[in-house]
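So the chains spell out like this:
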Amino acid sequence: MSRQALVLLLIVVAFGILVPWYKGFTFLDPRMIVAYACLALLFVAPASAEAFATREESAPAASALHKIFRVVAYGWCMTLLIIVSAFVTINLTKWQGSILTPPAEVCAAALLFSLTASVVVAAFSAVLARHLSAGLVKMVLRLSFLLVLLAFAFSSRMPDAWQIFLSDHTTRRAITRLAWQGAAACAVIAGLLMILVLRNPKSVR
């Protein structure tokens, strides 16, 4: 527990203090806010894989739901703590006479998307755990995140038409709209996955 607490403290210090201190005012860019909100997925993915590592054939559905909500609360609250720490850091180091924060609608949309996407990841892990081992569940989640990271890493090598399309869809208004739409889509997907989680594990096989 002490080692895990130390790791979490280092993460909060790195992303909640050092990164915003280095980025300065650019940290308040909507793209950065959405990226920070998605940190919840990096907490939820391994935690949910561990939570559903042991298959419990006779466990009630309520137990699975409890695990899902516990993992989501952990990941989302950690992300919220990091974001708040980052805002405090920006205001302490770049004080301009008034509190500096991104537009409220950007934060609300990003955090709601983060919450619903976290539920999707946790519920997806619960469904996978009924058919795969904990190691395979972790591998599936890691590969998914790796593909997303590769897409971002090589975005500069995309054709010019694609890059123009992306630039047109990364304005503040576009990012906010996409975050709201993503949250709605994730809510629907999470609902469908919850139906599978609530089903009797024996009937799924």
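Look a little higher up for the structure.
What this report covers is the structure whose coordinates are included nearby. Because the structure is a prediction, the values reported are computed rather than measured.

Conventions and cut-offs
Residues numbered from 1 in each chain as written. Predicted model: local features only at pLDDT ≥ 70, side-chain atom pairs only at ≥ 80, totals over all residues. Heavy atoms only, no water. Helix = DSSP H or I, 4+ residues; strand = E, 2+ residues; numbered from the N terminus. Expected span 1.5 Å × (residues − 1). Buried < 20%, exposed > 50% of the residue type's maximum accessible area, 1.4 Å probe, protein only. Axes fitted to C-alpha atoms, helices over the stretch in contact; angles between N-to-C directions. Parallel < 35°, antiparallel > 145°, perpendicular 65-115°, else oblique. Left-handed = near helix turned anticlockwise from the far one by under 90°. Nonpolar A, V, L, I, M, F, W, Y, C, P; charged D, E, K, R; others polar.

## A few points about helix H5 (residues 104-128)
Here H5 is 25 residues long and its end C-alpha atoms lie 36 Å apart, about the 36 Å a rise of 1.5 Å per residue gives. Counting buried positions along H5 gives 19 out of 25 residues, so the element sits mostly inside the fold.

## What about the packing of H5 against helix H8 (residues 172-198)?
The packing of two helices is summarised by the inter-axis angle and the distance between the axes. Running from N to C, H5 and H8 cross one another at 25°; their axes reach a closest spacing of 8 Å. As far as their axial angle goes, H8 and H5 are roughly parallel. Regarding H5 and H8, the two cross each other, and that crossing is left-handed. Along the lines of polarity and charge, the residues of the contact of H5 with H8 split into 24 nonpolar, three polar and two charged.

## Here we look at H8
For H8, built from 27 residues, the straight-helix expectation of 39 Å at 1.5 Å per residue is met to within 8% by its first-to-last C-alpha distance of 38 Å. By the burial criterion, the buried members of H8 are Ala174, Ile175, Thr176, Ala179, Gly182, Ala183, Cys186, Ala190, Leu193, Met194 and Val197.

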